[in-house]
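What the coordinates show
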Amino acid sequence: MNKIELEKIKEHALKEHIPIIMDDTLEVVNKILKEIRPKRILEIGTAVGYSSICFTEFLCENGVIDTIEREEERVLEAKANIKNTGVEEKVNIYLGDAVEILPTLNNKYDVIFIDAAKGKYPFFLEQAIRLINCKGVIIADNVLYKGYVMSDYNKHKQRTAVRNLREFLKEIQENPDFETEILEVGDGLSISKKRY
Ligand SMILES: C[S@@+](CC[C@H](N)C(=O)[O-])C[C@H]1O[C@@H](n2cnc3c(N)ncnc32)[C@H](O)[C@@H]1O
């Protein structure tokens, strides 16, 4: 993978205020991927392809990433970025709303990375549980959302997103099939390992 191009993609995304995975979060996810060496990763929320491109480094031979993005302009940019970094054989992008696309998928994945609309996290979780492989890992970014999720302050504009993130965390933490930890890296990261 072309790391000079990757650095340019990151700089451009930051300059244009396109949300991409934070460095400390990426470090934690990379460590997990390095241990698993996944064959298939599913990402919900491609943006311009930055995290997908980073994750390709840890796929096993012939491994692939399926990633979903609903903004057409971002998909076009992601495709160009994926080509420029030389990983086009490893990343498939689905253009469309993950709420519609996820129910059509039937492959199982070793790792599922949730990084899209916070208000949809409970639905993404339901689908991720359906699509995760035995011993797979579901990772979700932004689960603490600027601290709102763990505070009892409820009068901000993002009430629906916060309510849904709380529901997501409750569901995954109470699910006996998964062992979940929540880390205060970036905007909060949940890591849920399927026990069997
Ligand atoms: C935080 S960004 C993803 C960043 C990317 N994972 C990275 O780290 O490089 C979230 C992206 O999810 C997309 N998105 C939000 N809700 C979505 C949905 N329901 N279906 C598909 N894409 C969605 C947004 O358009 C945005 O580009």
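In this report, the structure presented in the accompanying data block is examined.

Conventions used here
- Residues numbered from 1 in each chain as written.
- Predicted model: local features only at pLDDT ≥ 70, side-chain atom pairs only at ≥ 80, totals over all residues.
- Heavy atoms only, no water.
- Near = heavy atom within 4 Å.
- Polar contact = N/O pair within 3.5 Å; in protein donor to acceptor, adjacent residues only side chain to side chain.
- 1 Å grid on protein atoms, 1.4 Å probe; cavity = no way out; pocket = protein on both sides within 12 Å on 5 of 7 lines; lining within 4 Å.
- Sits in = over half its atoms within 2 Å of the grid points.
- Salt bridge = Lys/Arg side-chain N within 4 Å of Asp/Glu carboxyl O.
- Helix = DSSP H or I, 4+ residues; strand = E, 2+ residues; numbered from the N terminus.
- Contact = heavy atoms within 4.5 Å.

1. Re the site of the ligand
- Near the ligand there are 21 residues, and of these Ile-21, Gly-45, Glu-69, Arg-74 and Asp-115 occur at the shortest range.
- The contact in question runs from a nitrogen atom of the ligand to an N or O atom on the backbone of Arg-70, over 3.2 Å.
- With respect to the ligand, the side chain of Arg-74 contributes an N or O atom lying 2.8 Å from an oxygen atom.
- A majority-of-atoms criterion places the ligand in the largest pocket.

2. Observations regarding the pattern of salt bridges
- Scanning the entire structure with this criterion turns up five salt bridges.
- With a shortest N-O distance of 3.3 Å, Glu-5 and Lys-8 are connected by a salt bridge. Linking Glu-5 with Lys-8, this pair stays in helix α1 (residues 3-15), spanning three residues, or about one helical turn.

3. Description of the environment of Ile-129
- Examined against the element boundaries, Ile-129 turns out to sit in helix α6 (residues 121-131).
- A sequence separation of 49 residues divides Ile-129 from Phe-178, and the C-alpha atoms of the two residues are 9.6 Å apart.
- Filtering out sequence-adjacent residues up to four positions away, Ile-129 remains in contact with Ile-138, Asn-175 and Phe-178.

Coordinates in, geometry out; function isn't part of it.
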